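# Descriptive analysis of the structure
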Amino acid sequence: MPGTDLQVKLKYEHDEGPGKAPYLYFAPLSDEEKERTGRKEQMRGKTVEIETIVRDGRNQKHSLDKHSFELVEQETALTTEEFYNDQDKVKSVYYPEMEELIKEKTGAAHVLMFHHQVRARKNNATPETGTVSTIQPYAYGIHSDSHPKT
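Residues numbered from 1 in each chain as written. Predicted model: local features only at pLDDT ≥ 70, side-chain atom pairs only at ≥ 80, totals over all residues. Heavy atoms only, no water.

### A look at the overall build of the protein
Looking only at helices and strands, the protein features 4 helices and 6 strands. Element order for the protein, N to C, with α for helix and β for strand: β-β-α-β-β-α-α-α-β-β. A globule of 150 residues ought to have a C-alpha radius of gyration of about 15 Å, yet the protein, at 19 Å, is considerably larger. Here the C-alpha coordinates of the protein stretch approximately 45 × 35 × 35 Å along the principal axes. For the protein, the residues scored as buried account for 15% of the 150 residues in total. Within the protein, contacts between residues separated by at least 24 positions form 45% of all contacts whose residues are at least 6 apart in sequence. With the model as given, the accessible surface of the protein reaches about 12,100 Å², and the carbon-plus-sulfur share is 52%. (Helix = DSSP H or I, 4+ residues; strand = E, 2+ residues; numbered from the N terminus. Rg over C-alpha atoms; globule rule 2.2 N^0.38 Å. Buried < 20%, exposed > 50% of the residue type's maximum accessible area, 1.4 Å probe, protein only. Contact = heavy atoms within 4.5 Å. Areas by Shrake-Rupley, 256 points an atom, 1.4 Å probe, with all protein chains shown as cover.)

### Describing the packing of aromatic side chains
Taken as a whole and assessed by the stated rule, the structure comprises 2 aromatic pairs. Between Phe83 and Tyr84 the ring centres are 6.0 Å apart and the planes differ by 85 degrees, which places this aromatic pair in the edge-to-face class. Taking the centre distance of 5.4 Å and the plane angle of 75 degrees together, the rings of Phe83 and Tyr94 count as edge-to-face. With Phe83 in helix α3 (residues 80-85) and Tyr94 in helix α4 (residues 87-106), this pair connects stretches of sequence that are 11 residues apart. Given a relative accessible area of 25%, Phe83 falls into the partly exposed group. Among the aromatic residues, those joined into a cluster by ring pairs are Phe83, Tyr84 and Tyr94. (Phe/Tyr/Trp six-rings, centres within 6.5 Å; stacked < 30°, edge-to-face > 60°.)

### Some remarks on the pattern of salt bridges
Taken as a whole and assessed by the stated rule, the structure comprises 5 salt bridges. Close ionic contact of Arg58 with Asp56 constitutes a salt bridge, the shortest N to O distance being 2.6 Å. What makes Arg58 exposed here is its relative accessible area of 55%. Residue Asp56 is classed as buried on the basis of its relative accessible area of 11%. (Salt bridge = Lys/Arg side-chain N within 4 Å of Asp/Glu carboxyl O.)

### Structural notes on a nonpolar patch on the surface
On the surface, a nonpolar cluster with roughly 430 Å² of combined accessible area is contributed by Leu24, Phe26, Met43 and Tyr140. Owing to a relative accessible area of 38%, Met43 belongs among the partly exposed residues under this scheme. (Patch = residues over 30% accessible without salt bridge, like charges linked within 9 Å, V, L, I, M, F, W, Y side chains within 5 Å.)

### Brief notes about the side chain of Gln87
Here Gln87 lies in helix α4. Of the polar contacts made by the side chain of Gln87, one reaches the side chain of His116; its length is 2.9 Å. Those residues in contact with Gln87 that sit more than four places away from it in its chain are His116 and Thr134. (Polar contact = N/O pair within 3.5 Å; in protein donor to acceptor, adjacent residues only side chain to side chain.)

### Structural notes on α4
Residues lying three or four places apart along an α-helix face the same way, a consequence of the helix completing one turn every 3.6 residues. Where α4 bends most, at Tyr94, the angle is about 35 degrees, and the proline Pro96 comes one to four residues later. Residues of α4 that are buried: Gln87, Val90, Tyr95, Glu97, Met98, Glu99 and Leu101. In this structure, the buried side of α4 is in contact with α3. Looking one or two residues past α4, Gly107 carries a phi angle of roughly 80 degrees, positive in sign. (Bend = angle between axes of the 7 residues up to and from the residue.)

Rendered as structure tokens:
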């Protein structure tokens, strides 16, 4: 069954040169954070919108070794409701399921799941919870899920 490609507009923060890397903090910066990071503003950078085609990768036979990612069908013991509302069950059931899948696909002897993020239109994020709420809104734009502590 062929997939559906989508013509979309994606937003990203444009790099304006050396020493001017874009950034965006969703939660207000404390005075301590401003001092530690040297960043006084909530954001820096120019938002740019690009139009591109997002191709449907299903049924394309992508492989981890050749394409650096692979789409696989994976059953889970969790219900959709549990996935959104039971963080303990996600960690105790879903994490081990994903660890085993990753071991199987990569040949790794050990896999450690340490974080997950659920995104949905209906979410429970607030300015106070920032990125530690259990259900995050959809991402505003193109981004990298990285953090200095991970």
